[in-house]
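Breakdown of the fold
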Amino acid sequence: MKNFKLFIALGLWNLGVSAQQNFTLYPMSSIPQANMMNVANVPDCKWHIGIPALNSTYLQYSNGGFNLNKFFTAVEYKNSDTTVLNLNKLLDILAKKNYISMRVEQSWLQGGLKFGNHYFHGNVTEKLGLRVSLPKDLFRFIIDGNGGPNLGETFSFAFKTDATHYREYGIGYSYELPGKLQVGGRLKILKGYNIIETKDLRLDITTRPSDYAYLLKANVLVNASSVAGQIIPTDSNATDFSPQFFKSKNNGFGLDLGAAWQFNDKIRFSASLIDLGYIKWTQNTTNLFSKNPNAGFTYDGIHIKSSDTGDYEQYVGKLIDTLLTTFGIDTAHRSFNSALSTEFFLNASYQINKKAAVGALFYGDFYNKRFYPGLTLNFQYKVGKALSLNVTNTMYNRSWFNVGLGTSINVGPWQVYSVMDNVLFPFAISSLKTFSWRFGSNLTFGRERSKPKKQKNSDGGGLEAPTDPGTI
Amino acid sequence: MLPVIFKITVYLNKMKRFLFYGMAILIASSCVKDARDKFEKLHGAKWSGTYAAPLVNVDLNLNDAVGLVNGFAQLGNYQNNLIYLAYDKKEYSIWGYEMVKIPDQNYNENYALNGTEQTTLTGGSFTLTKEWNVPLTTNGILEADSVYFSKGLLKPYINNQYNHPCSGTITFPDVRLNNNPIVFNFNIPAYTQFNADTLLNLVKMNLTQTSQNFGEFKMQVSVTWTNSGQGFSSGDLVSMGLNINNANFNRIYGLFGSPNLVDAEDSLKTEIFGAGLTSGSVNFDDPRLKVTVDNNTGIPLELQTSVLSANVPSSGAVNITNYPATFNVAAVAFANAGQTIRDSFLLTKSNSNIKTVIDQKPSAINYKLKAKANASGSQRNFINANSRIFVNVVLELPFSGIAADVVLEDTAGFEVESIAEVDYVDWITFRVNIENQMPLSIGFQGYFMDSAYKVLDSLFQPFRYIANAATVDAGGNVVQSFKDGYDVTFDRAKLKRIQSATQLRFRAVVPTASFNGSQIPVKISTNQHLYIKLGVQTKLSAHEEF
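Each chain has its residues counted from 1, following the order in which its sequence is written. Chains carry letters and ligands carry numbers; both start at the beginning, A for chains and 1 for ligands, and go up in the order they are written. Owing to the predicted nature of the model, reporting of local features is limited to residues with pLDDT of at least 70; listing and counting of side-chain atom pairs is limited to 80 or more, with chain, interface and lining totals taken over all residues. Processing note: side-chain calculations cover all non-hydrogen atoms of the structure and skip hydrogens and water entirely.

Notes on the overall build of chain B
Strands here mean DSSP runs of E at least two residues long; helices mean DSSP runs of H or I at least four residues long; both are numbered from the N terminus. A count of helices and strands for chain B gives seven helices and 37 strands. Expressed as a percentage of the 546 residues in chain B, the buried residues total 45%. Considering only residue pairs separated by 6 or more positions, chain B has 84% of its internal contacts joining residues 24 or more positions apart. Where accessible areas are quoted, they stem from the Shrake-Rupley method and a 1.4 Å probe; at the residue level, only the protein chains shown are allowed to cover. Summed over all atoms, the accessible surface of chain B reaches about 26300 Å², with 51% contributed by carbon and sulfur. We call a residue buried when its accessible area falls under 20% of the maximum for its residue type, exposed when it is over 50%, and partly exposed in between, using a 1.4 Å probe and counting protein chains only. Whether two residues are in contact is decided by their heavy atoms: any pair within 4.5 Å suffices.

Structure below.
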């Protein structure tokens, strides 16, 4: 029970690696990898196998909401031909916490097999994520300063850097209950390889209005581990750093849960919770932490006293000693847990006709004690038997216009697919905040013929459901 | 709603689906061009920020203030913590080891055996026993009675010029180490000299055991010859004596006479009444002139003061009254050798005219004094090697009084490299938080001047006191400190004027506190502080084109 509570807590709090998005992939039943978004999703083929190492590659970039267009809001016209950049206005484009995240996933193996109402599937996937958070207060302190209208405010310099590399061995099962409900689950064994996790790296500065004294408060808690050696070496525990790709003692587990409900012939609801779990890091760990957590110190100027005989250097030396004593950092080598980046999806789709459907997908993940929601409107369309399209627009990261496009083409059993959540990014760099692209190739067998028969087997929304196995 | 969506679907299908992509690319391309155009128009940047920081947190008392302004006087405090300003000058004697010296010296006696003694020796052996009073030469003391040596070498010898071997002892009954006389045994062949030596460290030499009663010690020699059968030659004799080299003492006792161990004529400068504090009035409520004698010898002293006066600018030398013409200082008892006896006489407003003299702001105190040894008559004393007599003349000005219209002024070179980037500074504000526990108001003004000493600007406009005096009661005692907080702002125009300054003239006024509208004597003690917290706030701005 204790472990279960820990499991739930870590999963929900979600302080781990950056989340994937896959807004466009979610409803595409033609692509078996959509099952990764909702484990209850069953692809429209009897069985499939991903081309080893080529079945799914995922690249993702996103930031907390700043882009070139917002940058230009800080530009002011001096005359019709000349503009000047107002550095102070640049602050308006920043959020309180500004993150940049990048993620790469490479699936080595992937496959699935359907027996009647049962669907078995598995995967081996390498996952790398980096998420950096910078505080707006840092730039406010530098640009606006601490002595104007914000005198007396607390500037919180809270930095966060999370970088994780782990491998996922997943095995899943989906079942179509008699009636209208599909459920599924995936158990994932995780092997951690590298991590730098910033639990807390913060310096708070308040300038006292009465005398401009600085009230300082700081805390540090950073964990790191690598199978290759000490990422943060210390004198007492320095080891050689040699890359390792197969041996890991950093074990973890994860769980995906999904469900879909066919409300009627037209309307379908689904929900998914993925990456609920954690990794326990035990190899070459380093923990940096404050000797005096959340310690405070007031600096109210250079002290000159009657009894002082020292010079300025001695005072500075004494001040530094005091700061090091107050804000000293200690090192340990204890194991620690890192949570996966848990995400959830809520989807509703409406089947317009045999070929077209529309849907709305609500997405959410947590990072750095903040909730990051997303909303995607999608339009799915099947062109013949070989081509499936999904056009989406996603509102995410304070960006309202992110056009996504998902495409899958089947030639015989061979399938190639490409799914982008911001397909226009090469042409709209200035508005780019998020971008993700998943592409790959599968061999699919027993795909449903385009014979008109209504079936509720995926979030694609009961498209044509042939009963005979075979290629399209 | 649904039919509309259906129609859109059909329409898109009809438009070959590529229409959508084409439109998207067109829109996106125009966005890129727009961004490039905006960048090309960007030819400058502007910024402004306001920053605040603490600078200094100062805790001063008058000790620091006097040190900063004058740098010449000493400060002390009485048991009631009242601070005084002290001017002092020390006169001193030479060291004891310079006063008395023991030079290198030697002593020799020859003896030739007479016929009877030679006959006895020829018969087998003969023993000669002799004793001499050996003088110890000392310079700087009339009669030396005893010497405690700190170093030196005593080197006795026997030169046997007989053709017979001999043996015996040399004894110094008055030269003792650990109370044991120093004895040398010898056994030498014919025609041989015996040489010995011993360190004199910690050796005591008693020089009073001879009939002279001073300056001599005994040397006893016993020599026994044994017949060698070689007979005698003319001129045979035995030489006996000693050498003393590199001797010095820890303590010497004897008759020193009555020399003047200190003989000084000098003056004590009272800079506080000189340059820098020439205006206004300073009234020290209870000035004191103290003459202190430190005597660590066994010699009683008589301090003879023949002159004690003050140089008053308005009326020349003014005698200070009621000082003792002679003042006796006791000797250190022999049992207390190593200790120091301090004695002094004190002139105050109650026993002299010292307050009247000090009220006239004298520039110096003049004195002529001697420290005469054994003034009451010749007697026997001791000194140590490290003995030294000090006579300290001290003028104490307790900070209990009234200061009015006192102005301190000085001019110094001024560099403003640190504000060379003044074009980026809109303004600077210094936030001052002050607590003054002293019964002194502190007014300060700085005048920024160019190389021709033309005033360009001033620090405060208008002039203001940095801190008012603490509140005092009728007795001049502080009952409540003064607290204040204020800002002093320099705008860009003022900063630019200061930038061209090369000289800074300081002007400070420090009036004492008042009670019921009138200045009364106030007391400044060590536990009264001046706390100043200084913070700076500045607005910086820039507008750069590129």
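Some thoughts on the overall build of chain A
Counting secondary structure elements, chain A contains five helices and 24 strands. A total of 472 residues make up chain A; the buried ones form 54% of that total. Contacts spanning at least 24 positions in sequence make up 69% of the contacts within chain A whose residues lie at least 6 apart. Here chain A has roughly 19900 Å² of accessible surface; of this, 66% comes from carbon and sulfur atoms.

A short note on the interface of chain A and chain B
Taken together, the contact between chain A and chain B spans 57 residues of the former and 47 residues of the latter. Both faces considered, chain A and chain B share a buried interface measuring about 4200 Å² in area, 59% of it formed by carbon and sulfur atoms. The salt bridge criterion pairs a side-chain nitrogen of Lys or Arg with a carboxyl oxygen of Asp or Glu, the two atoms within 4 Å. Run the count over chain A and chain B and you get three salt bridges. Note that Lys533(B) and Asp300(A) form a salt bridge whose closest N and O atoms lie 3.8 Å from each other. Each residue gets one label: Ala, Val, Leu, Ile, Met, Phe, Trp, Tyr, Cys and Pro are nonpolar, Asp, Glu, Lys and Arg are charged, and the others, such as Gly, are polar. Of the residues in the side of chain A that touches chain B, the class split is 33 nonpolar, 16 polar and eight charged. The pairing criterion is simple: DSSP has to find at least two bridges between the two strands. Where strand β15 (residues 302-305) of chain A lies against strand β1 (residues 42-60) of chain B, four bridges are found, and the strand directions are parallel. Each residue of the ladder has a partner; that of Ile304(A), found in β1(B), is Val58(B). When two parts are brought into contact, each loses some accessible area as probed by a 1.4 Å sphere; the total of that loss over both is the buried area.

Description of the packing of aromatic side chains
Under the pairing criterion, centres of Phe, Tyr and Trp rings, with the six-membered ring standing for Trp, must be within 6.5 Å; the plane angle then separates stacked pairs below 30 degrees from edge-to-face pairs above 60, leaving the rest tilted. By the definition in use, this model includes 35 aromatic pairs over all chains. Between Tyr162(B) and Phe232(B), the aromatic rings sit 6.1 Å apart at their centres with planes inclined by 80 degrees, giving edge-to-face as the arrangement. With Tyr162(B) in the loop between β6 (143-160) and β7 (166-177) and Phe232(B) in the loop between β12 (216-226) and β13 (238-255), this pair connects stretches of sequence that are 70 residues apart. In this structure an aromatic cluster arises from ring pairing among Phe23(A), Tyr26(A), Phe345(A) and Tyr363(A). Arg251(B) extends its terminal NZ or CZ atom over the ring of Tyr148(B), reaching a point 5.6 Å from the ring centre. The ring of Phe382(B) carries the charged tip of Arg251(B) above its face, separated from the ring centre by 5.7 Å. Charge-over-ring placement is defined geometrically: NZ (Lys) or CZ (Arg) within 6 Å of the ring centre, and within 35 degrees of the ring normal.

Regarding helix α4 (residues 136-144) of chain A
For α4(A), the complete set of buried residues consists of Lys136(A), Asp137(A), Arg140(A), Phe141(A) and Ile143(A). Looking at the residues trailing α4(A), positive phi occurs at Gly145(A), about 90 degrees.

A word on the nonpolar core
In this text, buried Ala, Val, Leu, Ile, Met, Phe, Trp, Tyr and Cys residues form a nonpolar core when linked through side-chain atoms within 4.5 Å. Ranked by internal contacts, the top residues of the largest apolar core, which has 117 residues, are Phe172(B), Phe217(B) and Trp225(B). The greatest single-element share of this core, amounting to seven residues, is contributed by β13(B). Discounting residues that sit within four places of it in the chain, Trp225(B) has contacts with Leu113(B), Leu121(B), Gly124(B), Ser125(B), Phe126(B), Leu128(B), Asn160(B), Tyr162(B), His164(B), Pro165(B), Cys166(B) and Val238(B). If you look at the next biggest cluster of nonpolar residues, it comprises 17 residues, including Leu25(A), Ile31(A), Tyr363(A) and Tyr417(A).

What about the side chain of Glu105(A)?
Residue and element names in this part refer to chain A. For Glu 105, the location among the structural elements is in strand β5 (residues 97-115). Here Glu 105 falls in the buried class, since its relative accessible area comes to 4%. A polar atom in the side chain of Glu 105 sits 2.7 Å from the side chain of Arg 103. For the purposes of these results, a polar contact is taken to be a pair of N or O atoms within 3.5 Å, where, inside protein, one atom must be able to donate a hydrogen and its partner to accept one; residues adjacent in sequence count only when each atom of the pair is a side-chain atom.

A short note on unusual backbone geometry
All names here are of chain B. With phi around 70 degrees, Asn 179 is a residue other than glycine that occupies positive phi space. Its location among the elements puts Asn 179 in the loop between β7 and β8 (180-188). Phi is positive for Asn 516, close to 55 degrees, though the residue is something other than glycine.

Some words on the sheet that holds strand β15 (residues 281-284) of chain B
As a general point, the strands of a sheet are linked pairwise by backbone hydrogen bonds and lie either parallel or antiparallel. All names here are of chain B. Reading across the sheet, the three strands line up as β15-β24-β36 and stay open at both edges, with antiparallel pairing between neighbours. Among the strands making up the open sheet, the edge pair consists of β15 and β36 (522-523). Judged from the four bridges that link them, β15 and strand β24 (residues 400-404) form a sheet pairing that is antiparallel. Looking across to β24, one finds that Ser 281 is bridged to Ala 404.

Looking at a nonpolar patch on the surface
Residues and elements named next belong to chain A. Two distance rules govern patches: like charges are joined within 9 Å, and nonpolar side chains (Val, Leu, Ile, Met, Phe, Trp, Tyr) within 5 Å, applied only to residues with over 30% relative accessible area and no salt bridge. Taken together, Trp 47, Ile 49, Leu 113, Phe 115, Phe 120 and Tyr 173 make up a surface patch of nonpolar side chains, about 560 Å² in accessible area. Sorting the residues of the nonpolar patch by element identifies β1 (47-50) and β5 as the ones contributing at least two each. Relative to the assigned elements, Trp 47 resides in strand β1. Overall, Trp 47 belongs to the partly exposed group, its relative accessible area being 39%.

Considering the environment of Gln262(A)
Residues and elements named next belong to chain A. Tracing the chain through its elements places Gln 262 in strand β11 (residues 250-262). In this structure Gln 262 comes out as buried when scored by relative accessible area, which is 4%. Gln 262 sits 82 residues away from Lys 180 along the chain, and the two C-alpha atoms are 5.1 Å apart. A distance of 2.7 Å separates the side chain of Gln 262 from the backbone oxygen of Asn 264, its partner in a polar contact. Here the side chain of Gln 262 touches Arg 268 through a polar contact of 3.1 Å, side chain to side chain.

Comments concerning the pairing of β6(B)
Residues and elements named next belong to chain B. Note that β6 and β13 share 15 bridges and pair antiparallel. Counted as the bridge partner of Pro 156 is Leu 242 from β13. Of the strand pairs in this sheet, β6 and strand β10 (residues 198-199) are connected by two bridges, and their pairing is antiparallel. Across the sheet, residue Leu 153 finds its bridge partner in β10, namely Leu 199.

Focus on the environment of Lys89(B)
All names here are of chain B. Note that Lys 89 resides in strand β3 (residues 83-92). Once the C-alpha coordinates of Lys 89 and Val 291 are considered, the two residues, 202 residues apart in sequence, prove to be 9.8 Å apart. Ignoring sequence-local partners within four residues, the contact set of Lys 89 consists of Asp 266, Ser 267, Leu 268, Tyr 367, Val 391, Asn 392 and Val 393. Polar side-chain contacts of Lys 89 include one of 3.4 Å to the side chain of Asp 266.

Focus on the pattern of salt bridges
All names here are of chain A. The tally for this structure, following the rule as stated, stands at 36 salt bridges over all chains. Put simply, Lys 382 and Asp 44 hold a salt bridge, and the shortest N to O gap is 3.4 Å. Highlighted residues: Lys 382 in strand β20 (residues 370-383) and Asp 44 in the loop between α1 (2-13) and β1, separated in sequence by 338 residues. Residue classification places Asp 44 among the buried residues on the basis of a relative accessible area of 4%. Linked through salt bridges whose partners overlap, the residues forming this network are Lys 127, Glu 168, Arg 186, Lys 188, Asp 256 and Asp 275.

With respect to the side chain of Asp174(B)
All names here are of chain B. Mapped onto the elements of the fold, Asp 174 is located in strand β7. The convention is simple: Lys and Arg are positive, Asp and Glu are negative, and His and the chain ends are not counted. One buried charged side chain, Asp 174, makes no salt bridge at all; its nearest oppositely charged neighbour is Lys 218, positioned 5.3 Å away. Side-chain polar atoms of Asp 174 contact the backbone nitrogen of Lys 218, separated by 2.9 Å. Filtering out sequence-adjacent residues up to four positions away, Asp 174 remains in contact with Lys 204, Met 205, Asn 206, Gln 209, Phe 217 and Lys 218.

With respect to the confidence of the model for chain A
Residues and elements named next belong to chain A. The pLDDT score gives, residue by residue, the confidence of the prediction method on a 0 to 100 scale. A residue-level look at chain A finds 83% of positions with pLDDT of 70 or above and a mean pLDDT of 83. Note that pLDDT drops below 50 for residues 1-18; the model gives that stretch 44 contacts with residues more than four away or on any other chain. Low pLDDT (under 50) marks residues 451-472, which in the prediction has 75 contacts with non-local residues, meaning those over four places away or in another chain.

Some thoughts on helix α5 (residues 312-326) of chain A
Here α5(A) spans 21 Å end to end across 15 residues, near enough to the 21 Å set by a 1.5 Å rise per residue. Along its buried surface, α5(A) packs onto β14 (295-299) and β15 of chain A. Every helix has an expected span of 1.5 Å times one less than the residues it contains.

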